[in-house]
Amino acid sequence: MRRPWNLCDLPVHSLVTQGIDGQTNMNVCTYVSAVSMEPKIYAVAVSHGTKSLENLMKTESAVLQILHKEQFSLVNTLGKKSGFRYNKMAYLQKKNLLEEWQERPVLKDVCARLLLRKMSYQTTGDHDLFLFSVEKYQVLSDNYLTINHLREKKIIYG
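Residues numbered from 1 in each chain as written. Predicted model: local features only at pLDDT ≥ 70, side-chain atom pairs only at ≥ 80, totals over all residues. Heavy atoms only, no water.

## Thoughts on the overall build of the protein chain
Thinking step 1. Within the protein chain one finds four helices and nine strands.
Thinking step 2. For the protein chain, the N- to C-terminal ordering of α and β elements is β-β-β-β-α-β-α-α-β-β-β-β-α.
Thinking step 3. For a compact globule of 158 residues, the expected C-alpha radius of gyration is about 15 Å, and the protein chain comes in at 15 Å, within 12% of that figure.
Thinking step 4. Taken along its principal axes, the extent of the C-alpha atoms in the protein chain is 45 × 35 × 30 Å. (Helix = DSSP H or I, 4+ residues; strand = E, 2+ residues; numbered from the N terminus. Rg over C-alpha atoms; globule rule 2.2 N^0.38 Å.)

Structure follows, in structure tokens:
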């Protein structure tokens, strides 16, 4: 039987971050939740030791993307490779998977995008928990990728 935190089927997100050097990184986030209706606030947990966390510590904004069900194959690149050792953006550019939104490179064909402004953060175990206010958003589809889809595709287990 699964552990309690693995029972719920959650959407799979990707967080787009930029360092002060202008270098962009994308990761995979499943520890994401809307925590306020007005104003709209999201909580996003980011793993320690990642390029995304390094970028977030030095900048005030990010883009949260809700991945489309057909984007399951991106999880291996965005979630299982380190932005410190692998240029994810070069890979995505080569595959023609990027477009611009709010003056940032983002994935094409996602279900939704949210432009986030950092409010606060705190260390919480092996992740830092960020609170972000939503500045803008765009909805493109409701056919979103979930953790259960990743289990079905044998990309994750448990």
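Here the narrative resumes.
## Quick look at the pattern of salt bridges
Thinking step 1. Per the stated rule, a full pass over the model turns up four salt bridges.
Thinking step 2. With a closest N to O distance of 3.0 Å, K51 and E54 form a salt bridge. Residue K51 and its partner E54 are located together in helix α1 (residues 51–58), separated by three residues, close to a single helical turn.
Thinking step 3. Of the residues examined, K51 reaches a relative accessible area of 16% and is grouped as buried.
Thinking step 4. For the salt bridge of K118 with E60, the shortest nitrogen-to-oxygen distance reads 3.9 Å. You can see K118 sitting in strand β8 (residues 112–124) and its partner E60 sitting in the loop between α1 and β5 (61–66), a full 58 residues away along the chain.
Thinking step 5. Residue classification places K118 among the buried positions, given a relative accessible area of 13%. (Salt bridge = Lys/Arg side-chain N within 4 Å of Asp/Glu carboxyl O. Buried < 20%, exposed > 50% of the residue type's maximum accessible area, 1.4 Å probe, protein only.)

## Describing α1
Thinking step 1. Listed in full, the buried residues belonging to α1 are K51, S52, L53, N55 and L56.
Thinking step 2. If you follow the buried residues of α1, they end up packed against β1 (13–18), β2 (24–26), β4 (41–47), β5, β8 and β9 (127–139). (Contact = heavy atoms within 4.5 Å.)

## A closer look at the pairing of β9
Thinking step 1. Here β4 pairs with β9 via seven bridges, running antiparallel. What sits directly across from I41, in β9, is S133.
Thinking step 2. Hairpin geometry of β8 and β9 is characterised by an intervening segment of two residues between the two adjacent antiparallel strands and by a positive phi of about 70° at G125. (Pairing = 2+ DSSP bridges.)

## What to know about the nonpolar core
Thinking step 1. Of all hydrophobic cores here, the largest spans 20 residues; its most connected members are V12, M26, L92 and L107.
Thinking step 2. A per-element tally of this core places helix α2 (residues 74–80) first, with three residues.
Thinking step 3. Apart from residues no more than four positions distant in its own chain, V12 is found in contact with V28, C29, T30, Q65, I66, L67, V75, L145, T146, I147 and L150.
Thinking step 4. C29, V46, L114 and F132 belong to the second-largest nonpolar core, a separate cluster that totals 14 residues. (Core = buried A, V, L, I, M, F, W, Y, C linked by side-chain atoms within 4.5 Å.)

## With respect to the sheet that holds β8
Thinking step 1. In spatial order, the strands read β2-β1-β5-β8-β9-β4-β3; together these seven strands make up an open sheet with antiparallel pairing. Each having just a single partner strand, β2 and β3 (32–36) make up the two edges of the open sheet. Along the sheet, successive strands turn relative to each other by an average axial angle of 35°, direction set aside.
Thinking step 2. Sitting on the sheet, α1 is in contact with β1, β2, β4, β5, β8 and β9, with an inclination near 75° to β9. (Axes fitted to C-alpha atoms, helices over the stretch in contact; angles between N-to-C directions.)

## Quick word on the pairing of strand β6 (residues 98–101)
Thinking step 1. When β6 meets strand β7 (residues 104–107), the two strands line up antiparallel, connected through four bridges. Paired with L98 across the two strands is L107, which belongs to β7.
Thinking step 2. Linking two consecutive strands that pair antiparallel, namely β6 and β7, is a turn of two residues; a positive phi of about 55° is found at Q102 within it.

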